[in-house]
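Close look at the chain arrangement
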Amino acid sequence: MGSPDLSEERSALGRSLLARGAMAPDWRAAFEAVPRSAFLPEVIWPYDMESGTHVTVDLRDEPGLWFQYADADVPVVTQWDDGKPAGDGARVPTSSASMPSVVFGMLADLDVEPGRTVLEIGTGTGWNAALLSHRLGLDHVTTVEIDAKVADTARDNLAAQNLLGTVLTRDGALGDPAGAPYDRIIATAGLRRIPTAWLEQLRPEGLIVAPWGTDYSNGDAIVRLARSEHGVEGRFTRPAEFMKLRAQRRSFAGHSAYVPDEGLAGADRSTTKVTEADLLGADRFDPRTFAIGLHVSSCYQVLATRRGADRPVWFYGLDDRSWACVMFHENRQAEVWQSGPRRLWTEVESALSWWRDVGEPGYDRFGLTVTWDGEHRAWLDSPEKCWPVM
(Lines give C-alpha, C1' and ligand atoms only; values in the text may rest on other atoms or scores of the structure.)
Protein backbone atom coordinates (compact mmCIF):
# COMPACT_ATOMS: atom_id res chain seq x y z
CA MET A 1 0.00 0.00 0.00
CA GLY A 2 1.65 3.23 -1.14
CA SER A 3 1.68 6.59 0.55
CA PRO A 4 -0.47 9.48 -0.67
CA ASP A 5 1.23 12.05 -2.90
CA LEU A 6 1.81 15.00 -0.53
CA SER A 7 -1.30 14.27 1.53
CA GLU A 8 -3.33 17.00 3.14
CA GLU A 9 -1.89 16.02 6.53
CA ARG A 10 1.70 16.20 5.25
CA SER A 11 1.05 19.57 3.60
CA ALA A 12 -0.35 20.85 6.88
CA LEU A 13 2.68 19.50 8.75
CA GLY A 14 5.04 21.21 6.31
CA ARG A 15 3.26 24.54 6.68
CA SER A 16 3.33 24.21 10.46
CA LEU A 17 7.04 23.39 10.56
CA LEU A 18 7.84 26.40 8.38
CA ALA A 19 5.58 28.75 10.33
CA ARG A 20 7.14 27.70 13.66
CA GLY A 21 10.65 28.01 12.33
CA ALA A 22 11.16 24.29 13.01
CA MET A 23 12.10 23.70 9.36
CA ALA A 24 14.35 26.03 7.39
CA PRO A 25 13.00 26.95 3.92
CA ASP A 26 15.99 25.31 2.21
CA TRP A 27 14.82 21.91 3.53
CA ARG A 28 11.30 22.27 2.14
CA ALA A 29 12.05 20.52 -1.16
CA ALA A 30 13.47 17.48 0.65
CA PHE A 31 10.48 17.39 3.00
CA GLU A 32 8.04 17.39 0.09
CA ALA A 33 9.98 14.82 -1.93
CA VAL A 34 10.74 12.34 0.87
CA PRO A 35 7.68 11.30 2.92
CA ARG A 36 8.31 9.87 6.38
CA SER A 37 5.54 7.34 5.71
CA ALA A 38 7.71 5.62 3.08
CA PHE A 39 10.19 4.70 5.82
CA LEU A 40 7.81 3.32 8.44
CA PRO A 41 6.82 -0.36 8.91
CA GLU A 42 3.23 -1.57 8.69
CA VAL A 43 2.96 -1.71 12.49
CA ILE A 44 4.07 1.42 14.31
CA TRP A 45 3.88 2.70 17.88
CA PRO A 46 3.42 6.48 17.72
CA TYR A 47 3.45 8.57 20.87
CA ASP A 48 -0.05 9.84 21.59
CA MET A 49 0.26 13.32 23.09
CA GLU A 50 -3.14 13.26 24.81
CA SER A 51 -2.71 9.97 26.67
CA GLY A 52 1.05 10.27 27.12
CA THR A 53 1.54 6.68 25.92
CA HIS A 54 2.57 4.78 22.82
CA VAL A 55 -0.31 3.33 20.83
CA THR A 56 -0.21 0.45 18.36
CA VAL A 57 -1.37 1.24 14.82
CA ASP A 58 -1.43 -1.32 12.00
CA LEU A 59 -1.53 0.02 8.43
CA ARG A 60 -3.56 -3.00 7.30
CA ASP A 61 -6.29 -2.39 9.88
CA GLU A 62 -6.34 1.41 10.21
CA PRO A 63 -4.72 3.00 7.13
CA GLY A 64 -6.25 6.42 7.77
CA LEU A 65 -4.97 6.56 11.34
CA TRP A 66 -1.60 5.13 10.28
CA PHE A 67 -1.01 7.90 7.72
CA GLN A 68 -2.33 10.50 10.16
CA TYR A 69 0.39 9.57 12.65
CA ALA A 70 3.02 9.20 9.93
CA ASP A 71 2.36 12.82 8.90
CA ALA A 72 2.12 14.18 12.45
CA ASP A 73 4.79 15.91 14.52
CA VAL A 74 5.13 13.00 16.94
CA PRO A 75 7.87 10.40 17.51
CA VAL A 76 7.10 6.91 16.21
CA VAL A 77 8.67 3.80 17.75
CA THR A 78 9.56 1.17 15.14
CA GLN A 79 11.38 -1.39 17.32
CA TRP A 80 11.26 -2.59 20.93
CA ASP A 81 13.92 -4.40 22.98
CA ASP A 82 16.47 -4.49 20.14
CA GLY A 83 14.04 -6.56 18.10
CA LYS A 84 13.58 -9.35 20.65
CA PRO A 85 10.12 -10.95 20.97
CA ALA A 86 7.83 -9.32 23.52
CA GLY A 87 8.32 -10.81 26.98
CA ASP A 88 6.78 -10.34 30.39
CA GLY A 89 8.96 -7.39 31.39
CA ALA A 90 8.65 -3.70 30.55
CA ARG A 91 9.34 -3.04 26.89
CA VAL A 92 12.06 -0.56 25.99
CA PRO A 93 11.93 1.37 22.68
CA THR A 94 15.18 0.85 20.75
CA SER A 95 14.56 2.33 17.29
CA SER A 96 12.24 5.05 16.05
CA ALA A 97 11.43 7.81 13.61
CA SER A 98 11.97 11.09 15.46
CA MET A 99 9.54 13.99 15.52
CA PRO A 100 9.81 15.92 12.23
CA SER A 101 10.36 19.18 14.13
CA VAL A 102 13.37 17.62 15.90
CA VAL A 103 14.71 16.13 12.66
CA PHE A 104 14.58 19.42 10.76
CA GLY A 105 15.82 21.41 13.73
CA MET A 106 18.95 19.25 13.83
CA LEU A 107 19.37 19.49 10.06
CA ALA A 108 19.25 23.27 10.37
CA ASP A 109 21.90 23.12 13.11
CA LEU A 110 24.05 21.03 10.76
CA ASP A 111 24.35 24.04 8.42
CA VAL A 112 25.05 21.84 5.43
CA GLU A 113 25.27 22.92 1.79
CA PRO A 114 25.55 20.96 -1.47
CA GLY A 115 29.08 19.65 -1.87
CA ARG A 116 29.51 18.86 1.83
CA THR A 117 30.00 15.31 3.05
CA VAL A 118 27.99 13.99 6.00
CA LEU A 119 28.43 11.00 8.28
CA GLU A 120 25.21 10.03 10.04
CA ILE A 121 25.33 7.87 13.16
CA GLY A 122 22.11 5.89 13.67
CA THR A 123 20.36 5.11 10.39
CA GLY A 124 17.13 3.88 11.95
CA THR A 125 14.37 3.89 9.35
CA GLY A 126 16.55 5.72 6.83
CA TRP A 127 14.37 8.83 6.62
CA ASN A 128 17.02 11.25 7.88
CA ALA A 129 19.62 9.79 5.50
CA ALA A 130 17.12 10.12 2.66
CA LEU A 131 16.53 13.80 3.41
CA LEU A 132 20.29 14.42 3.46
CA SER A 133 20.83 12.42 0.26
CA HIS A 134 18.05 14.30 -1.56
CA ARG A 135 19.72 17.59 -0.63
CA LEU A 136 23.39 16.63 -1.05
CA GLY A 137 23.47 13.64 -3.39
CA LEU A 138 24.01 9.94 -2.71
CA ASP A 139 27.81 10.15 -2.87
CA HIS A 140 27.93 12.73 -0.10
CA VAL A 141 26.11 10.85 2.66
CA THR A 142 27.27 7.83 4.66
CA THR A 143 25.05 6.43 7.38
CA VAL A 144 25.93 3.88 10.07
CA GLU A 145 23.57 1.47 11.89
CA ILE A 146 24.60 -1.11 14.48
CA ASP A 147 21.50 -3.32 14.18
CA ALA A 148 21.79 -5.52 11.07
CA LYS A 149 18.05 -6.01 10.65
CA VAL A 150 17.34 -2.30 11.03
CA ALA A 151 20.11 -1.51 8.55
CA ASP A 152 18.73 -3.98 5.98
CA THR A 153 15.25 -2.48 6.29
CA ALA A 154 16.67 1.03 5.88
CA ARG A 155 18.50 -0.05 2.72
CA ASP A 156 15.23 -1.38 1.30
CA ASN A 157 13.43 1.85 2.22
CA LEU A 158 16.12 4.01 0.66
CA ALA A 159 16.29 1.91 -2.50
CA ALA A 160 12.54 2.14 -2.95
CA GLN A 161 12.90 5.94 -3.01
CA ASN A 162 15.97 5.84 -5.31
CA LEU A 163 18.03 7.31 -2.48
CA LEU A 164 20.23 4.37 -1.51
CA GLY A 165 23.77 5.51 -0.82
CA THR A 166 26.28 4.05 1.62
CA VAL A 167 24.71 2.28 4.61
CA LEU A 168 27.26 0.65 6.93
CA THR A 169 26.38 -1.96 9.54
CA ARG A 170 28.73 -1.34 12.45
CA ASP A 171 29.10 0.37 15.82
CA GLY A 172 28.49 4.06 15.21
CA ALA A 173 30.90 5.01 17.99
CA LEU A 174 33.70 3.95 15.61
CA GLY A 175 32.50 6.26 12.88
CA ASP A 176 33.80 5.56 9.37
CA PRO A 177 37.59 5.94 9.18
CA ALA A 178 37.68 4.65 5.59
CA GLY A 179 35.40 7.44 4.36
CA ALA A 180 36.87 10.19 6.52
CA PRO A 181 37.35 13.07 6.75
CA TYR A 182 33.78 14.39 6.82
CA ASP A 183 32.50 17.97 6.78
CA ARG A 184 29.64 17.14 9.10
CA ILE A 185 28.77 14.39 11.58
CA ILE A 186 25.21 14.06 12.85
CA ALA A 187 24.04 11.56 15.47
CA THR A 188 20.43 10.44 15.83
CA ALA A 189 21.09 8.51 19.06
CA GLY A 190 21.52 10.03 22.50
CA LEU A 191 25.11 10.28 23.77
CA ARG A 192 26.78 10.53 27.14
CA ARG A 193 30.25 10.80 25.61
CA ILE A 194 31.34 12.14 22.22
CA PRO A 195 33.62 9.44 20.74
CA THR A 196 37.12 10.72 20.01
CA ALA A 197 36.97 8.78 16.72
CA TRP A 198 34.47 11.37 15.50
CA LEU A 199 36.85 14.21 16.28
CA GLU A 200 39.57 12.47 14.30
CA GLN A 201 37.23 11.94 11.32
CA LEU A 202 36.08 15.57 11.16
CA ARG A 203 37.58 18.06 8.73
CA PRO A 204 38.92 21.40 9.98
CA GLU A 205 35.96 23.80 10.28
CA GLY A 206 33.69 20.76 10.48
CA LEU A 207 30.65 20.39 12.74
CA ILE A 208 29.19 17.68 14.95
CA VAL A 209 25.46 17.87 15.81
CA ALA A 210 24.31 15.37 18.41
CA PRO A 211 21.91 14.80 21.31
CA TRP A 212 24.03 14.79 24.48
CA GLY A 213 23.18 14.51 28.14
CA THR A 214 24.22 13.13 31.51
CA ASP A 215 23.31 10.03 33.50
CA TYR A 216 21.12 12.13 35.78
CA SER A 217 18.08 11.82 33.49
CA ASN A 218 17.05 10.29 30.18
CA GLY A 219 16.82 13.74 28.59
CA ASP A 220 19.30 15.10 26.07
CA ALA A 221 20.10 18.48 24.60
CA ILE A 222 21.19 19.09 21.02
CA VAL A 223 24.79 20.30 20.97
CA ARG A 224 26.50 21.92 17.97
CA LEU A 225 30.25 21.33 18.17
CA ALA A 226 32.82 22.99 15.92
CA ARG A 227 36.46 21.99 15.51
CA SER A 228 38.76 24.06 17.69
CA GLU A 229 42.33 23.94 18.96
CA HIS A 230 41.05 22.04 22.01
CA GLY A 231 39.06 19.45 20.06
CA VAL A 232 35.43 20.36 19.46
CA GLU A 233 33.43 23.03 21.22
CA GLY A 234 29.98 24.62 21.05
CA ARG A 235 26.65 25.48 22.59
CA PHE A 236 23.48 23.55 23.21
CA THR A 237 20.51 24.62 21.12
CA ARG A 238 17.41 22.90 22.51
CA PRO A 239 16.21 19.98 24.65
CA ALA A 240 15.36 16.58 23.18
CA GLU A 241 15.17 12.93 24.14
CA PHE A 242 16.68 10.18 22.03
CA MET A 243 17.22 6.46 22.39
CA LYS A 244 20.77 6.06 23.55
CA LEU A 245 23.73 4.76 21.58
CA ARG A 246 23.87 1.08 22.50
CA ALA A 247 27.41 1.24 23.85
CA GLN A 248 26.43 4.16 26.11
CA ARG A 249 23.20 2.97 27.66
CA ARG A 250 23.05 3.62 31.40
CA SER A 251 24.25 0.74 33.57
CA PHE A 252 21.93 0.66 36.58
CA ALA A 253 21.87 -2.32 38.95
CA GLY A 254 18.32 -1.63 40.16
CA HIS A 255 16.81 -0.29 43.37
CA SER A 256 17.32 -3.44 45.41
CA ALA A 257 21.09 -3.30 44.84
CA TYR A 258 21.17 0.00 46.74
CA VAL A 259 18.48 0.07 49.40
CA PRO A 260 18.58 -2.71 52.03
CA ASP A 261 15.59 -4.87 52.91
CA GLU A 262 14.84 -2.69 55.94
CA GLY A 263 14.36 0.26 53.61
CA LEU A 264 15.09 3.77 54.86
CA ALA A 265 15.64 2.84 58.49
CA GLY A 266 19.44 2.85 58.49
CA ALA A 267 19.95 6.01 56.41
CA ASP A 268 20.80 9.51 57.68
CA ARG A 269 17.59 11.52 57.95
CA SER A 270 17.01 15.27 57.55
CA THR A 271 14.59 17.75 55.98
CA THR A 272 14.83 20.27 53.15
CA LYS A 273 13.03 23.46 52.24
CA VAL A 274 13.27 22.54 48.56
CA THR A 275 9.82 21.78 47.15
CA GLU A 276 8.83 19.36 44.41
CA ALA A 277 8.30 22.29 42.03
CA ASP A 278 11.72 23.70 42.97
CA LEU A 279 13.42 20.44 42.02
CA LEU A 280 11.44 19.34 38.97
CA GLY A 281 10.31 22.61 37.42
CA ALA A 282 7.58 22.82 34.82
CA ASP A 283 8.22 19.59 32.89
CA ARG A 284 10.82 16.91 32.15
CA PHE A 285 12.70 19.29 29.82
CA ASP A 286 13.04 22.03 32.44
CA PRO A 287 16.60 23.41 32.17
CA ARG A 288 17.22 23.02 35.91
CA THR A 289 17.23 19.23 35.48
CA PHE A 290 19.88 19.55 32.77
CA ALA A 291 21.91 21.96 34.94
CA ILE A 292 21.81 19.62 37.94
CA GLY A 293 23.02 16.75 35.79
CA LEU A 294 25.98 18.83 34.61
CA HIS A 295 27.12 19.27 38.23
CA VAL A 296 26.15 15.98 39.90
CA SER A 297 28.14 13.35 38.05
CA SER A 298 27.43 9.61 37.94
CA CYS A 299 24.02 10.03 39.55
CA TYR A 300 20.67 8.71 38.32
CA GLN A 301 17.41 10.37 39.37
CA VAL A 302 14.15 8.38 39.42
CA LEU A 303 10.72 9.94 39.96
CA ALA A 304 8.69 7.33 41.83
CA THR A 305 4.93 6.97 41.61
CA ARG A 306 3.04 9.54 43.65
CA ARG A 307 1.57 8.22 46.90
CA GLY A 308 -1.52 10.35 47.37
CA ALA A 309 -0.18 13.81 48.20
CA ASP A 310 3.38 12.52 48.63
CA ARG A 311 6.03 12.13 45.90
CA PRO A 312 9.28 10.20 46.50
CA VAL A 313 12.27 11.01 44.30
CA TRP A 314 15.28 8.68 44.38
CA PHE A 315 18.95 9.27 43.55
CA TYR A 316 21.44 6.47 42.88
CA GLY A 317 25.22 6.73 42.58
CA LEU A 318 26.48 4.89 39.52
CA ASP A 319 30.09 4.60 40.71
CA ASP A 320 29.25 3.19 44.14
CA ARG A 321 26.15 2.24 46.14
CA SER A 322 25.35 5.70 47.51
CA TRP A 323 21.67 6.57 47.41
CA ALA A 324 19.26 9.22 48.60
CA CYS A 325 15.51 9.69 48.76
CA VAL A 326 13.55 12.90 49.17
CA MET A 327 9.86 12.58 50.08
CA PHE A 328 7.87 15.65 49.10
CA HIS A 329 4.72 16.38 51.11
CA GLU A 330 1.85 18.70 50.37
CA ASN A 331 1.78 20.81 53.55
CA ARG A 332 5.14 20.32 55.26
CA GLN A 333 8.84 20.23 54.54
CA ALA A 334 10.21 17.34 52.53
CA GLU A 335 12.03 14.54 54.33
CA VAL A 336 15.44 13.36 53.13
CA TRP A 337 17.28 10.05 53.60
CA GLN A 338 20.89 9.59 52.48
CA SER A 339 23.24 6.60 52.61
CA GLY A 340 26.68 5.70 51.31
CA PRO A 341 29.95 7.59 50.86
CA ARG A 342 28.32 10.33 48.77
CA ARG A 343 25.62 12.68 50.06
CA LEU A 344 23.72 12.69 46.79
CA TRP A 345 20.83 14.90 47.90
CA THR A 346 23.29 17.43 49.31
CA GLU A 347 25.02 17.51 45.90
CA VAL A 348 21.69 17.92 44.09
CA GLU A 349 20.54 20.68 46.44
CA SER A 350 23.85 22.51 45.96
CA ALA A 351 23.60 22.25 42.16
CA LEU A 352 20.02 23.58 42.22
CA SER A 353 21.15 26.52 44.36
CA TRP A 354 23.98 27.25 41.89
CA TRP A 355 21.53 27.27 38.96
CA ARG A 356 19.39 29.85 40.75
CA ASP A 357 22.38 32.00 41.72
CA VAL A 358 23.59 32.29 38.09
CA GLY A 359 20.21 33.49 36.85
CA GLU A 360 18.36 30.24 36.08
CA PRO A 361 19.97 29.81 32.65
CA GLY A 362 18.28 27.97 29.81
CA TYR A 363 19.87 25.39 27.55
CA ASP A 364 21.36 27.93 25.15
CA ARG A 365 23.62 29.44 27.81
CA PHE A 366 25.37 26.11 28.34
CA GLY A 367 28.11 24.67 26.18
CA LEU A 368 30.41 21.68 25.88
CA THR A 369 34.08 21.20 25.08
CA VAL A 370 35.44 17.76 24.17
CA THR A 371 39.22 17.55 24.05
CA TRP A 372 41.36 15.36 21.81
CA ASP A 373 41.99 12.98 24.72
CA GLY A 374 38.25 12.62 25.41
CA GLU A 375 37.81 14.95 28.39
CA HIS A 376 34.34 16.54 28.52
CA ARG A 377 33.93 20.02 30.02
CA ALA A 378 30.63 21.81 30.45
CA TRP A 379 30.49 25.57 30.58
CA LEU A 380 28.16 28.49 31.16
CA ASP A 381 28.23 31.43 28.72
CA SER A 382 31.93 31.04 27.90
CA PRO A 383 34.37 28.11 27.58
CA GLU A 384 36.55 29.85 30.15
CA LYS A 385 33.84 29.20 32.78
CA CYS A 386 34.09 25.43 32.53
CA TRP A 387 34.15 22.36 34.75
CA PRO A 388 34.69 18.65 34.04
CA VAL A 389 31.66 16.42 33.58
CA MET A 390 31.63 12.63 33.97
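In case you missed it, the structure is sitting above this.
Read on for a plain summary of the structure.

1. A closer look at the pairing of strand β15 (residues 311-317)
The buried fraction of β15 is high, at seven of seven residues. Neither face of β15 is left uncovered, since the one carrying Arg 311, Val 313, Phe 315 and Gly 317 and the one carrying Pro 312, Trp 314 and Tyr 316 both have all their residues buried. Pairing of strand β14 (residues 299-303) with β15, which is carried by five bridges, proceeds in the antiparallel orientation. Among the inter-strand pairings, Leu 303 is bridged to a residue of β15, identified as Val 313. Note: β15 against strand β16 (residues 323-328), six bridges, orientation antiparallel. Each bridged residue has a counterpart across the sheet, and for Trp 314 the counterpart in β16 is Cys 325. Connecting the antiparallel pair β15 and β16 is a turn made up of five residues.

2. Considerations on empty space enclosed by the protein
This model, assessed by the stated rule, comprises four cavities of 30 Å³ or more. Of the pockets and cavities examined, the largest cavity occupies roughly 90 Å³. Lining the largest cavity are Gly 213, Thr 214, Ser 217, Gly 219, Asp 220, Arg 284, Phe 285, Thr 289, Phe 290 and Tyr 363.

3. Structural notes on the pairing of strand β7 (residues 141-145)
Most of β7 sits out of view: five of its five residues are buried. Residue alternation in β7 divides its side chains into two sets, Val 141, Thr 143 and Glu 145 and Thr 142 and Val 144, and both sets are buried. Here strand β6 (residues 118-121) pairs with β7 via four bridges, running parallel. Opposite Val 118, over in β7, you have Val 141 as the bridge partner.

4. A short note on the nonpolar core
With 54 residues, the main nonpolar core has Ile 194, Ile 208, Trp 212, Leu 279 and Phe 315 as its most contacted residues. A total of six residues in this core trace back to one element, the largest contributor, which is helix α10 (residues 344-357). Each residue touching Ile 208, except ones within four places of it in the same chain, is listed here: Ile 185, Ile 194, Trp 198, Leu 199, Leu 202, Val 223, Arg 224, Leu 225 and Val 232. Among the nonpolar cores identified, the runner-up in size contains 32 residues, and Ala 22, Ala 130, Ile 186 and Phe 242 belong to it.

5. Overview of the layout of surface pockets
Rolled over the atoms, a probe with the dimensions of a water molecule shows which regions are left empty. Considering only enclosed or pocket space, the second largest pocket measures out at about 380 Å³ in volume. Together, 18 residues line the second largest pocket, and Thr 78, Gln 79, Lys 149, Val 150 and Thr 153 are the ones closest to its centre. Among the elements of the structure, β4 (76-80) and α6 (148-160) are those that each provide at least two residues to the lining of the second largest pocket.

6. Here's the deal with the pattern of salt bridges
Inspection of every chain in the model, using the stated rule, returns 27 salt bridges. For Arg 60, the salt bridge identified is with Asp 58, shortest N-O distance 2.8 Å. Arg 60 gets classed as exposed once you look at its relative accessible area, which sits at 54%. Salt-bridge contacts for Lys 244 lead to Asp 220; the nearest nitrogen and oxygen are separated by 3.2 Å. In this pair, Lys 244 sits in the loop between β12 (231-240) and β13 (268-272) while Asp 220 sits in strand β11 (residues 220-227), placing the two residues 24 residues apart along the sequence. What emerges from the salt-bridge pattern is a single network uniting Asp 82, Asp 147, Arg 246 and Arg 249.

7. What to know about the sheet that holds strand β8 (residues 166-169)
A sheet is described by the order of its strands in space; here ten strands give the open sequence β8-β7-β6-β9-β10-β11-β12-β18-β19-β20, paired in mixed fashion. If you trace the sheet from one side to the other, it starts and ends with β8 and β20 (386-388), each paired once. The mean inter-strand angle of the sheet, taken between neighbouring strand axes irrespective of direction, is 20°. Here four bridges tie β6 to strand β9 (residues 182-187), and the two strands are oriented parallel to one another. In the strand pairing of β9, Val 118 is matched with Arg 184. Along the sheet, helix α4 (residues 100-110) makes contact with β6, β9, β10 (202-212), β11 and β12, crossing β10 at roughly 160°.

Reading the values: the criteria
Residues numbered from 1 in each chain as written. Predicted model: local features only at pLDDT ≥ 70, side-chain atom pairs only at ≥ 80, totals over all residues. Heavy atoms only, no water. Buried < 20%, exposed > 50% of the residue type's maximum accessible area, 1.4 Å probe, protein only. Helix = DSSP H or I, 4+ residues; strand = E, 2+ residues; numbered from the N terminus. Pairing = 2+ DSSP bridges. 1 Å grid on protein atoms, 1.4 Å probe; cavity = no way out; pocket = protein on both sides within 12 Å on 5 of 7 lines; lining within 4 Å. Points joined across faces, edges and corners; volume = space filled by probe spheres on them. Core = buried A, V, L, I, M, F, W, Y, C linked by side-chain atoms within 4.5 Å. Contact = heavy atoms within 4.5 Å. Salt bridge = Lys/Arg side-chain N within 4 Å of Asp/Glu carboxyl O. Axes fitted to C-alpha atoms, helices over the stretch in contact; angles between N-to-C directions.

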